[in-house]
Structures are given as structure tokens and as C-alpha cells.
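Fold and geometry: a report
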Amino acid sequence: MAGEPFRKLVTDNPRPPVAGRDLRAAAKARAASGEADVAENRARGERRGAERLQTERAGGLQQAIDEPASEQSFFLPRQAGGMTLFLVAAYALAAGVFQGLPSTTTMTFALASATLFACGSLFAAIERRSEALSVVRLGIVFIGIVLPMGCAGLALALWVGEGLPWQWGIATLVCINAAAAALFDMRIISLFCAKIASWTGFAVLVPENVTFAAVFAAALTLSLIARLEWKAAQKRRLAREARERVAARAEDILRSFEETGQGWFWETDRRGLITYISPKAATVLGKTSDQVVGCPLSEIVDPTQGAADAERTLAFHLSARSAFHDVEVRAATTGDERWWALAGRPVYDSYKNFCGFRGHGTDLTEKRRSEQQVSRLAHYDSLTGLANRVQMSQALEQILAAPSGRERACAVLMLDLDRFKHVNDTLGHPAGDALLKQVAQRLERAIDGHGRCGRLGGDEFQVIVPGHQDRHTLGHMAAAIINSLSQPYSIQGQSVVIGASVGIALAPEHGSNSDELIRNVDLALYAAKDAGRGVYRFYAEDLHAAAEERAELEQDLREAIAKGELQLYYQPVVYAANEKIVGFEALMRWNHPKRGWISPAKFVPIAEDAGLIDRIGQWALRTACADLARWPRSIRCAVNVSALQFANPDLPTIVANALAHSGVAPSRLELEITESVFLNDSSGTDAMFKALKRVGVRLALDDFGTGYSSLGYLKKAPFDKIKIDRSFVQGATEEGSRNGAIIASITSLAEALHMDTTAEGVETLDELELVRLLGCSHVQGYIYYKPMNAADATALVSGDLVAQADGPQCARAPRQNLLRKVIVVYSGNRLNATLRNISESGAMIEGLWNMPVGTAMRVEFSADKTVTAQVRWSRENRVGIEFHQPLRRRADGTFAVLKGAPGQAAAAW
């Protein structure tokens with residue numbers, strides 16, 4: 001497209017390359033004549049389009065530029081018909097002046113000259129086909145140039161001899177030479193030959209020395225002139241070719257600039273009407289270039305959607321005739337949104353008259369989309385589409401910075417997924433990402449527009465509920481979230497079950513700034529995890545102390561592992577039929593140097609969260625095998641395996657190495673596995689069971705019936721034993737309890753599957769009698785033995801292995817089960833403990849290790865609610881206490897806790 005608009009843009013546009021001084025002068029000359037109305041502008045656009053089309057049909061821009069330079073290398077032009085007509089006209093005028101026709105000889109030479117020029121096109125075609133043959137080209141010069149011009153000169157000379165006035169003959173010959181000069185323009189050799197040949201005809205008529213000397217002198221003079229003219233012509237040709245190359249290069253660059261979509265060009269006249277616009281830009285507007293030409297520049301800009309200011313800025317520059325740069329406007333498109341950056345400057349002619357504007361535009365659409373994408377990534381989670389940590393923090397700070405105290409009220413819920421890491425470890429991170437997406441969708445449905453939810457990172461989510469919220473409503477929302485997120489997921493064709501723990505904090509009650517509020521809701525979340533996961537907890541003041549205690553315990557646990565302070569205790573397992581000891585269960589114990597005995601229920605979750613459980617588990621496995629090697633071969637030992645250990649692909653190798661190092665037969669080792677390993681129901685779980693069975697160890701299903709799975713896994717998992725959880729054994733003898741029916745069902749199921757059963761936590765004689773009657777093959781509990789250290793276990797198995805039941809006949813009076821934090825004060829010490837159950841006469845407290853029987857204590861339920869009691873029994877971290885004064889049970893089943901000292905008025909709780 002070598003049309004005029006590109007040349008004008010090459011010369012006058014401020015940004016693209018300049019095409020040279022001549023082009024600028026030509027552009028200014030064109031601009032000076034550029035006062036036209038709308039119709040003229042449209043006509044000009046059509047003419048430019050026709051010129052571009054004609055150039056393309058001729059073979060392209062480069063061919064159009066190079067063609068004149070290549071033509072000048074030939075002696076004959078392509079068209080010589082005009083010379084023939086000129087000769088005929090000249091002869092006709094000479095006949096008029098002569099008042100008759102010349103002689104036959106003269107007429108023959110005249111017709112010969114016209115005929116030869118008429119064949120010039122044929123001679124030119126022959127020359128171009130035979131340009132490599134110099135002999136042919138010389139013949140062409142002689143026949144096509146010298147001979148016709150010589151015949152023309154001779155014809156005029158003979159005609160003058162016949163009576164034609166010599167003045168007319170010379171004038172005609174001069175005119176013929178002038179026509180030849182026009183015909184052979186820039187062909188110096190051809191022009192020289194033509195002139196010499198024409199004047200030689202006169203010399204032939206007067207063959208004298210003076211004549212030949214004159215012809216020779218004229219030839220010499222013309223040769224010198226031809227040489228000078230040829231050099232000048234060569235310089236002009238080289239300069240023209242250089243200018244054309246620059247113009248071609250500039251036009252090619254501009255065309256490429258347009259075609260690649262990086263930018264486009266525009267031009268207006270002095271009235272602001274478009275005289276040129278790139279086809280690419282017109283296509284974006286849904287029009288053709290001809291439809292846009294003649295319209296005001298403002299019509300290509302959409303003043304809506306936030307671009308009104310830019311449109312006014314553009315109008316100001318156009319009216320002020322001032323240059324502008326990077327004015328961002330929205331294109332007046334009807335479909336997708338498109339944005340341009342316009343730049344332009346005013347154009348003046350050589351007389352400083354304003355001619356209009358010229359400029360270019362750049363497409364900013366992709367840039368804007370990229371900026372929007374970057375902005376979205378900065379404020380939204382790329383995986384789930386929820387708000388990210390930054391946006392949630394900004395939203396919370398905005399609420400807390402509201403001017404009104406009522407507007408600053410809000411609730412923050414912090415969520416953490418339970419067992420999500422196990423999904424990542426077993427199914428891989430792509431499965432984990434898919435799970436997080438489904439979690440985000442369920443979370444939004446559970447919130448149901450009442451709050452704003454976001455993902456803070458990993459498996460941690462946050463919900464902000466604006467406005468004042470009562471605890472009942474928030475508790476209902478948290479329970480709905482937990483229930484929704486705990487339903488099975490379908491990931492990669494497999495069923496996956498996880499859980500969620502929720503911490504809740506209120507503003508401004510639990511914090512007046514975002515840092516304090518987030519810290520407190522984190523503490524509430526930790527409390528929910530400590531409470532067994534799958535629950536929600538509100539922030540409370542005592543959680544700070546619990547968090548500090550947890551952090552200290554984690555550090556102490558690391559040191560204990562390094563120093564070897566952990567111990568294994570063994571609780572015997574008795575065969576119910578003959579009351580003989582057939583094995584032990586290895587139980588973890590930690591005697592803290594300052595805190596004393598710490599319950600495994602307290603430090604094992606810390607070990608799991610801190611990533612220490614696998615290390616502790618391997619130590620327990622090696623230690624148990626080493627102790628088992630010193631016991632009789634009939635004795636087995638059971639070791640608990642956590643779900644995190646079970647997910648370790650190296651577990652079979654670890655077990656095999658421990659057995660090989662101790663020399664124990666694999667059948668003597670029993671691995672106790674909880675139902676949580678089946679939550680993901682993956683092929684890796686089946687492969688792990690098969691690998692462990694290949695090692696030869698026994699597998700026991702621990703805490704049966706307390707997990708989240710169905711019974712479907714029993715038909716494929718190769719268990720050798722089912723352990724009935726103590727929660728089913730305790731209370732089974734009470735009137736109206738269904739626990740006995742559950743135990744009977746479990747034993748029947750185990751018998752049908754050829755599995756043993758072990759009843760855990762048997763403490764009374766009536767419980768022992770019941771589990772025997774219901775078919776339990778093994779019994780484990782305080783009714784026989786408490787857990788003992790390795791030395792006592794070794795001494796125990798060195799005897800006859802017969803166990804005797806020793807315990808109360810029946811369970812205590814009916815008690816109310818509960819879970820409540822209390823403070824126990826004795827001997828000047830204040831200890832945190834947990835109240836597990838309570839009756840009118842006493843209670844069971846957990847968290848007190850090895851309390852001497854008879855110890856007096858005070859139990860503080862709150863600052864103004866206390867009771868005094870005495871220790872009646874102590875087992876591991878649990879103690880049974882008897883109140884000095886029995887509590888009074890109200891009609892609604894609650895107990896009245898004394899307010900202040902015993903004997904004073906009481907308050908229900």
C-alpha cells in the first residue's frame with residue numbers, strides 16, 4: 001500500500017520515521033492544497049484506495065519503485081507510438097507548407113521513419129528478451145533509433161532540395177529532435193544516437209569537408225554534453241532511488257505497524273473531519289475506512305463508561321490546536337470493550353496555515369485486561385476465586401475504622417480443614433487443589449450472602465460477618481459450615497472426607513483492631529482443634545494462657561524427644577475365656593521435669609501439628625519390638641499407628657527393619673489403626689494394607705465405631721482384630737443403655753469376619769461379666785491391670801500369666817457427662833483440669849496425675865463458684881473426688897454449685 005496517506009504520514013507524523021526532505025516538501029505542498037469539504041474528503045479516500053489497489057495489482061510496492069530504474073537500462077522505451085503520430089503530423093504540416101506531396105523517394109524515407117517508430121514496441125520487447133546479447137542490442141539501436149531518425153532527417157533534407165523552405169525544414173527537424181528527447185528521456189545513449197542520426201541526413205545531401213567537419217564537431221559536442229548529462233542523470237537516478245527506498249522502507253514499516261495491530265494512524269482536516277484512518281481501526285469500530293472518513297474525530301470515541309474525561313481532554317486539544325500524547329479513550333464499539341491511547345499534533349502548510357491533525361493510536365485493550373488481571377490476582381485467590389488475605393484484611397480494617405461504633409461491630413470466623421494434608425500426601429497436590437475449589441463453593445453456599453468469605457492460604461479460610469451478631473446465630477452458622485464441609489467429596493473418582501474446625505471472635509468485644517482480632521480468632525481456632533476438631537469455639541480470655549502453654553509444650557516435647565524422656569507403658573490384654581495374659585498395648589507416656597505426667601491426649605495432638613508424630617511413632621515401634629524380644633513367644637504387643645504414619649509409603653520398610661533388628665517374629669507385632677485412615681478411600685490405602693500383610697504383622701482396628709467411615713472397608717481391609725472403644729463399654733450395664741446391643745453387634749460382625757474382639761476400658765465386675773456374655777474374646781482395662789513400665793511388664797510375664805479381676809462390683813451412681821474447664825487448688829498449687837462427669841456426691845476430673853488418695857482440694861468453676869472435695873481414687877491422669885457436701889440436683893437435672901464457701905447459697909450451671 002504505497003498510497004498518498006502513507007506518504008503523508010511518513011513525512012509529517014511525529015513518531016514514525018521521516019521519509020526525507022523531498023517527501024516533506026511534497027507533503028507540505030499537498031497539505032497546502034488540502035481545503036476540501038466532506039464530499040472531497042470521501043472522494044480522496046476512494047481515490048487513495050484505487051491507487052493502492054492499482055499498485056498491488058501492478059506487482060506490489062517494491063516493484064513499482066524499482067521499475068523506473070530498471071527501465072532506464074534499456075535503449076528503447078516500451079511505448080513509441082506517440083513518436084509515430086508526431087512524425088505523421090510534422091510531415092502533414094510540411095506538405096501543407098509545400099502545397100503538395102514530395103517526391104516518391106522523399107515520401108519513402110518519411111514513411112520509413114514513421115513505420116520504424118511504429119515498430120518500436122516490438123523492438124523494445126526483443127531487446128528485453130535478449131538483454132544479455134550485446135550484438136542484438138546494437139542492432140536494435142541501429143534499427144529502432146539511428147535508422148528512423150536518419151530517415152526522418154534525410155527526408156526533410158530531400159524535401160528542402162525539392163522546394164520546401166529550409167527554415168521550415170530545420171524547424172521541423174528541431175521539433176522532431178525535441179520529441180525524441182522526450183521519448184528517450186534519461187536514455188543518454190539513445191538520445192545522442194537519435195540527434196546525430198537526424199542531422200547526418202542533411203550532411204548526406206552536401207558531401208563536403210565542411211559539412212562532415214560540422215557533423216563531427218556536433219557529434220563531439222553532443223558526446224560531451226551527453227556525458228555530462230549522463231552523469232547528472234545517474235546522480236539524479238541514484239538520489240531518486242535512495243528517496244524511493246527510504247519511502248518504501250518507511251511505508252513498509254508503517255504498514256507492518258498497522259498489520260500487526262500494534263497501532264494505527266489517523267488524519268483530520270482543519271475542521272476536525274477525518275480524512276484518513278487505518279483500516280484496522282475502522283474494522284474495530286465495525287465500519288470501513290470510507291464510512292469513517294468525513295466524520296468528526298470525536299465520533300470514534302465513546303464518552304460513556306468512565307471515558308468522558310478523556311473525551312473532553314481530546315476535544316480541548318483539538319480546539320486549542322495543541323499537540324497531545326497518550327490520551328486514553330474508549331473506542332465507540334458496539335461489542336467488546338476496546339481502549340485506545342491517542343497521540344497527535346497539528347499540521348501547518350508552508351504559509352503557516354492550519355491544515356488539521358495527524359497522529360496515531362495504540363490499542364490498550366490487552367494492557368488494561370492485564371492490569372485488571374493483576375489487580376484481581378492482588379485481591380483474589382487464583383485457585384478458588386475467593387478474596388485473598390490482602391482483601392480480607394482491607395475489608396476488616398475498613399469495618400473497624402467506621403466512624404460509628406455500631407458500624408464497627410462484626411464477627412470473624414477462622415476455618416481450618418481437618419485431614420487436608422493427608423489428602424495432599426496420598427492423592428497429590430492436584431487433588432488437593434480440586435478439593436479446595438469444592439470447599440470454597442460449599443463455604444459460599446453455607447454463608448448464603450450473610451458475610452464475606454476468603455482464602456488466606458493453604459487450607460485456611462476466613463469469614464467476616466458485618467454488624468452485631470448474637471452468639472446463637474454465629475454458632476448456628478459455624479455448625480452449618482462444619483456440617484457442609486464434612487460431607488464426602490468426589491475427587492478424581494474417589495470419595496474423600498475431611499472436616500473443619502472453626503474459631504469465632506467478635507468485634508469490638510474481642511478486639512478493636514484487626515491485629516488483635518485476628519490473633520484472638522486464631523486462639524479460638526486452636527481451641528476448637530484441641531477440643532477434638534470438627535467443632536467451633538468462641539474466643540475466651542483464658543485461651544491466651546492455653547496458647548502459651550501449648551507453645552511451651554511443643555518446645556519441651558522437642559527437647560524431650562532429643563533427650564529420650566518419652567517412655568512406653570504397657571497395659572496387659574487378657575483372654576476372656578481363661579483369663580490369661582496374651583499381650584500388651586504400648587502406650588506413650590511423658591513425665592515432664594516440671595509439669596509431671598502429661599496426658600497423651602494433650603501432647604500427641606501437639607506432636608501431630610508440629611510434624612513430630614512420625615518421629616515419635618518410629619521410636620515407639622523400635623522400643624516396643626526391643627521389649628517384646630525379651631518376653632515369651634506367646635505374648636504379642638500392639639503399637640498404635642497414627643493416620644500420618646500410615647500415609648508414609650516407607651511404613652512397611654520401617655516395620656520390617658524394627659522386626660529384623662529385634663529378631664521378633666512379625667506375627668507377634670500388632671499395629672492398631674483407627675478408622676481415619678479410610679476417610680480418603682484411596683488406592684494407596686489398599687496398597688499399604690497389602691504391604692503390611694506381606695511383612696506378616698497383625699492389624700487391629702482401634703476405636704471402632706467412633707470414626708466417620710462406613711462399614712464398607714471391613715470387607716476388604718485385612719484386620720485380625722476389632723477393638724471396641726471404651727465409650728461403648730462404660731455405661732453398658734446401666735438401665736436403658738443401648739451400648740450392650742452395640743457391643744453384641746460388633747462381636748457378631750467380628751465373628752462372622754473371623755476376627756478377634758477386645759473390649760477396652762473395662763473397670764467394674766459387672767462390665768466384665770457383660771462383655772464376656774456378649775462374646776468379646778479379649779478384655780483390656782483397670783479391672784485387671786493399669787499400664788506399667790517395661791520392667792514391671794517383664795516381671796509380670798515371667799510368671800504363670802494368669803490375671804485376676806479386681807475392681808468394684810458395679811458402676812457408681814448415675815452421673816452427668818460433661819466437659820468443663822476447672823481450676824483445682826491444693827497445697828498452694830493451682831492446676832488447670834477438665835471435669836469429665838459429675839454426680840451429687842462426686843465427680844471425675846482429668847488432667848491430674850498421680851494424686852494421692854485422701855488429698856483435700858478446692859475445685860473452682862468460676863471466680864465465685866467453688867466446692868471442696870477429697871480424692872477417693874487416682875488412675876493415671878484421672879482422679880475421682882467426693883464432695884465434702886453433696887450437691888443438690890434440681891428438677892431440670894442441673895446441679896447447684898456452691899457460691900463461696902460450703903453451706904452458702906448456690907447457683908445452677
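Below is a summary of the structure that appears in this document. (Residues numbered from 1 in each chain as written. Predicted model: local features only at pLDDT ≥ 70, side-chain atom pairs only at ≥ 80, totals over all residues. Heavy atoms only, no water.)

1. Observations concerning helix H8 (residues 134–161)
When the terminal C-alpha atoms of H8 are compared, their 38 Å separation across 28 residues agrees well with the 40 Å that a helix rising 1.5 Å per residue should span. The sharpest bend along H8 reaches about 35° and sits at valine 146, with the proline proline 148 one to four residues further on. (Helix = DSSP H or I, 4+ residues; strand = E, 2+ residues; numbered from the N terminus. Expected span 1.5 Å × (residues − 1). Bend = angle between axes of the 7 residues up to and from the residue.)

2. Looking at the environment of glycine 120
Within the secondary structure layout, glycine 120 lies in helix H7 (residues 120–129). Distance from glycine 120 to isoleucine 145, taken between C-alpha atoms, is 8.7 Å for residues 25 residues apart in sequence.

3. What to know about the pattern of salt bridges
Inspection of the entire model under this criterion finds 29 salt bridges. Between lysine 529 and aspartate 416 there is a salt bridge, with its nearest N and O atoms 3.1 Å apart. Taken as a pair, lysine 529 in helix H20 (residues 514–530) and aspartate 416 in strand S6 (residues 410–418) lie far apart in primary sequence, 113 residues in all. A single burial state applies to lysine 529 and to aspartate 416, both of which are buried. Note that lysine 721 and glutamate 670 form a salt bridge whose closest N and O atoms lie 3.4 Å from each other. One end of the pair, lysine 721, is in strand S19 (residues 721–724); the other, glutamate 670, is in strand S17 (residues 669–674), with 51 residues separating them in the sequence. Overall, glutamate 670 belongs to the buried group, its relative accessible area being 4%. Through salt bridges with shared partners, a single network forms among Glu549, Glu552, Arg595 and Lys602. (Salt bridge = Lys/Arg side-chain N within 4 Å of Asp/Glu carboxyl O. Buried < 20%, exposed > 50% of the residue type's maximum accessible area, 1.4 Å probe, protein only.)

4. Section: the packing of aromatic side chains
The geometry of an aromatic ring pair is captured by two quantities: the separation of the ring centres and the angle between the planes. This model, assessed by the stated rule, comprises 15 aromatic pairs. Seen from their ring centres, phenylalanine 354 and phenylalanine 357 are 5.8 Å apart, and the 70° between their planes marks the pair as edge-to-face. Overall, the relative accessible area of 2% leaves phenylalanine 357 in the buried class. Ring plane angle 55° and centroid distance 5.1 Å describe the contact between phenylalanine 646 and phenylalanine 689, whose orientation is recorded as tilted. Of the two residues, phenylalanine 646 sits in helix H24 (residues 643–646) while phenylalanine 689 sits in helix H26 (residues 683–695), which places them 43 residues apart along the sequence. Each member of the pair phenylalanine 646 and phenylalanine 689 is classed as buried. Taken together, the ring pairs in this structure connect Trp266, Phe324, Tyr348, Phe354 and Phe357 into an aromatic cluster. Across the ring face of phenylalanine 538, the terminal group of arginine 471 is positioned such that the distance to the ring centre comes to 4.8 Å. The ring centre of tryptophan 873 lies 5.2 Å from the NZ or CZ of arginine 875, which sits over that ring. (Phe/Tyr/Trp six-rings, centres within 6.5 Å; stacked < 30°, edge-to-face > 60°. Lys NZ or Arg CZ within 6 Å of the ring centre and 35° of its normal.)

5. Things to note about the sheet that holds strand S25 (residues 856–862)
The six strands lie next to each other as S22-S23-S24-S27-S26-S25, forming a closed barrel whose pairing is antiparallel. Each strand of the sheet is rotated relative to its neighbour by a mean of 45°, with strand direction disregarded. (Pairing = 2+ DSSP bridges. Axes fitted to C-alpha atoms, helices over the stretch in contact; angles between N-to-C directions.)

6. A word on the nonpolar core
Within the largest apolar cluster, 82 residues are counted, with the highest numbers of intra-cluster contacts made by Tyr570 and Phe719. Residue contributions to this core peak at seven residues, all from helix H23 (residues 613–628). What phenylalanine 719 contacts, discounting residues up to four positions off in sequence, is Phe678, Phe689, Leu699, Ala700, Leu701, Tyr713, Leu714 and Met755. Grouped together as the second largest cluster of nonpolar side chains are 34 residues, Leu427, Ala440, Leu474 and Leu485 included. (Core = buried A, V, L, I, M, F, W, Y, C linked by side-chain atoms within 4.5 Å. Contact = heavy atoms within 4.5 Å.)

7. Some points on helix H19 (residues 471–485)
In this model, H19 (15 residues) spans 21 Å end to end at C-alpha, consistent with the 21 Å of a helix rising 1.5 Å per residue. Turning to H19, its buried residues number three or more, namely Leu474, Gly475, Met477, Ala478, Ile481, Ile482, Ser484 and Leu485. Where H19 begins, the side chain of aspartate 470 points an oxygen toward the backbone nitrogen of histidine 472, at a separation of 3.1 Å. (Polar contact = N/O pair within 3.5 Å; in protein donor to acceptor, adjacent residues only side chain to side chain.)

8. Brief notes about the sheet that holds strand S7 (residues 452–457)
Sheet architecture is open: five strands sit in the order S7-S8-S6-S11-S12, paired in mixed fashion. Two strands close off the open sheet at either side, each with one partner strand: S7 and strand S12 (536–538). Each neighbouring strand pair of the sheet contributes to a mean axis angle of 20°, computed without reference to strand direction. Inspection of the sheet shows S6 paired to strand S8 (residues 460–466) by seven bridges, in the antiparallel sense. Each residue of the ladder has a partner; that of cysteine 410, found in S8, is proline 466.

9. Section: the packing of helix H16 (residues 389–400) against H20
Axis separation between H16 and H20 bottoms out at 10 Å; the angle between their running directions is 120°. Contacts between H16 and H20 involve Leu396, Glu397 and Leu400 from the former and Ser514, Leu517 and Ile518 from the latter. The residue makeup of the contact of H16 with H20, split by class, is four nonpolar, one polar and one charged. (Nonpolar A, V, L, I, M, F, W, Y, C, P; charged D, E, K, R; others polar.)

10. Digging into the side chain of aspartate 766
Here aspartate 766 lies in helix H29 (residues 765–773). Take aspartate 766: its relative accessible area is 16%, and that puts it in the buried class.

11. Some remarks on the side chain of lysine 529
Lysine 529 gets classed as buried once you look at its relative accessible area, which sits at 15%. Here the side chain of lysine 529 touches aspartate 416 through a polar contact of 3.1 Å, side chain to side chain. If sequence neighbours within four positions are ignored, lysine 529 has contacts with Asp416 and Ser501.

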